[in-house]
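Chain and residue survey
One letter stands for each residue in the lines below.
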Amino acid sequence: MFTTKHFIWIGICILFILIMNHYAKKEDFTLQNACYFFMFICLLSETTKMMSDMIPSTHGGMHLNPQSLPFHICSILLFIAAYITFGKDGPLKQKMINFFAVVGTCGGIAAILIPTYGVEFNVANVYQCFMYHATLTWFSLYLIRFKHANLGMQAFKDNLVVLFALLIFNLYMNSILSVYDTNFMFIVRPPLEGLPFLNLNHGYYIYLFRVIMLGVIGLSLFHLPFIVKERKLSSSHTTGQAVRHTAVQIHINSALNYIGLVRILGLFLLVFYL
């Protein structure tokens, strides 16, 4: 990790993300355009991974290595992306977008910084890993930049619930598939050995606690600016409504006073005329 080859891959990923951001802005990408492009990359990525990770089956033939099943958080986003692309517009789709924007950004960047497939240039899965996560990061940032994602307080609560649900789900999946040494969402052991914070030096439960806390803190910090902005807009809206209400009340009182004055003058002129 963080070798010369790794830095080259990081540079390639950053360059790709910047180019795609510029192109999406220049060509005024619609959400559908961005979704179709991401799904195309997903198709290439999954095809490459499946062809590379086939292993001999016990009774002949081959099957996909269970460790490559799509239960890692970034792989689960494939199905969410499919729903965003082809699903019906509505509250559920918006929640999917909100979840994808946050988890895709954090997960994509983390996967680029912690290359579980290595950094060699002669391994197909390395290309698949870096290019998929670079595209994942770009698409997630696109959802935020072009305001397709709403990341206020309600989205934070929804995303937290979904993350904990996926955590519980993968605790079961890793147990069911333990014979295949799976490590979905890296809740069995660290993604790489020698990491400074995510390690088993203090036992498994401390590691699991750190993983959960890292997820909660990361999610909170990601949502924080959007929640603060949401609160400010809500506060200014409330203040604006109060100001408008006061102004309307003043106008009404002025009108009533004017009508009263007209009545008094009319009565005075009537008396004077009589």
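Residues numbered from 1 in each chain as written. Predicted model: local features only at pLDDT ≥ 70, side-chain atom pairs only at ≥ 80, totals over all residues. Heavy atoms only, no water.

1. Description of the nonpolar core
Counting residues in each nonpolar core, the largest one holds 55 residues, and the members touching the most others are Phe 38, Phe 100, Trp 138, Phe 139, Tyr 142 and Leu 143. Broken down by secondary-structure element, the contributors of at least two residues to this core are helix H1 (4-26), helix H2 (31-52), helix H3 (73-86), helix H4 (91-113), helix H5 (124-145), helix H6 (153-176) and helix H7 (204-273). Counting residues per element, this core draws most heavily on H5, at ten residues. Leave out the neighbours within four places in its chain, and Tyr 142 touches Ala 24, Phe 29, Thr 30, Leu 31, Ala 34 and His 148. (Core = buried A, V, L, I, M, F, W, Y, C linked by side-chain atoms within 4.5 Å. Buried < 20%, exposed > 50% of the residue type's maximum accessible area, 1.4 Å probe, protein only. Helix = DSSP H or I, 4+ residues; strand = E, 2+ residues; numbered from the N terminus. Contact = heavy atoms within 4.5 Å.)

2. Describing the packing of aromatic side chains
One pass over the full model with this rule turns up 21 aromatic pairs. Measuring from centroid to centroid gives 6.3 Å for Phe 139 and Tyr 142, while their planes differ by 10°, and the two rings are stacked. Separated by three residues within a single helix, Phe 139 and Tyr 142 lie in helix H5, roughly one turn from each other. Just as Phe 139 is buried, Tyr 142 falls in that class too. Taken together, a centroid distance of 5.5 Å and an interplanar angle of 70° make the contact between Tyr 204 and Tyr 205 edge-to-face. Its relative accessible area of 69% is what places Tyr 205 among the exposed residues. A cation sits over an aromatic face here: Arg 210 above Phe 197, 4.8 Å from the ring centre. (Phe/Tyr/Trp six-rings, centres within 6.5 Å; stacked < 30°, edge-to-face > 60°. Lys NZ or Arg CZ within 6 Å of the ring centre and 35° of its normal.)

3. A word on the pattern of salt bridges
Should their charged atoms come close, side chains of opposite charge can pair. Summed over the entire model, instances satisfying the criterion amount to four salt bridges. The partner of Lys 5 in a salt bridge is Glu 120, and the shortest N-O contact between them spans 2.8 Å. With Lys 5 in helix H1 and Glu 120 in the loop between H4 and H5, this residue pair connects regions lying 115 residues apart in the sequence. Residue classification places Lys 5 among the partly exposed residues on the basis of a relative accessible area of 33%. Classification of Glu 120 as partly exposed rests on a relative accessible area of 36%. Here Lys 93 makes a salt bridge to Asp 89, at a shortest N to O gap of 2.9 Å. Its relative accessible area of 62% is what places Asp 89 among the exposed residues. (Salt bridge = Lys/Arg side-chain N within 4 Å of Asp/Glu carboxyl O.)

4. Describing unusual backbone geometry
Not every positive phi belongs to a glycine, and Lys 147 is a case in point at roughly 60°. By the secondary structure assignment, Lys 147 is in the loop between H5 and H6. Note on Lys 147: relative accessible area 64%, which makes it exposed. The backbone of Met 185 shows a phi angle near 60°, a positive value even though the residue is not glycine. For Met 185, the location among the structural elements is in the loop between H6 and H7. Judged by relative accessible area, which is 16%, Met 185 ranks as buried.

5. Section: the environment of Ser 175
Following the sequence through the fold, Ser 175 ends up in helix H6. Remark: the alpha-carbon pair of Ser 175 and Val 188, spanning 13 residues in sequence, is separated by 9.2 Å. Looking at Ser 175, its side chain comes within polar contact range of the main-chain oxygen of Leu 171, at 2.8 Å. (Polar contact = N/O pair within 3.5 Å; in protein donor to acceptor, adjacent residues only side chain to side chain.)

6. Describing the packing of H4 against H6
Where H4 meets H6, the closest approach of the two axes is 10 Å, and the angle between their N-to-C directions is 75°. With respect to each other, H4 and H6 are oriented roughly perpendicular. Residues Lys 95, Asn 98, Phe 99, Val 102 and Val 103 of H4 form the contact with H6, whose participating residues are Ala 155, Asp 158, Asn 159, Val 162, Leu 163 and Leu 166. In terms of residue class, the contact of H4 with H6 is built from seven nonpolar, two polar and two charged. (Axes fitted to C-alpha atoms, helices over the stretch in contact; angles between N-to-C directions. Parallel < 35°, antiparallel > 145°, perpendicular 65-115°, else oblique. Nonpolar A, V, L, I, M, F, W, Y, C, P; charged D, E, K, R; others polar.)

7. Quick notes on a nonpolar patch on the surface
Taken together, Met 1, Phe 2, Phe 7, Ile 109 and Leu 113 make up a surface patch of nonpolar side chains, about 460 Å² in accessible area. With respect to the helices, strands and loops of the structure, Ile 109 is situated in helix H4. (Patch = residues over 30% accessible without salt bridge, like charges linked within 9 Å, V, L, I, M, F, W, Y side chains within 5 Å. Areas by Shrake-Rupley, 256 points an atom, 1.4 Å probe, with all protein chains shown as cover.)

8. Quick look at the confidence of the model for the protein chain
Mean pLDDT over the protein chain works out to 87, with 86% of the residues at or above the 70 mark. Within the model, the stretch residues 254-274 combines pLDDT values under 50 with zero contacts to residues more than four positions away or in other chains. (pLDDT = per-residue confidence, 0-100.)

9. Focus on the side chain of His 133
Along the polypeptide, His 133 turns up in helix H5. Ignoring sequence-local partners within four residues, the contact set of His 133 consists of Cys 74, Gly 107, Gly 108, Ala 111 and Ile 112.

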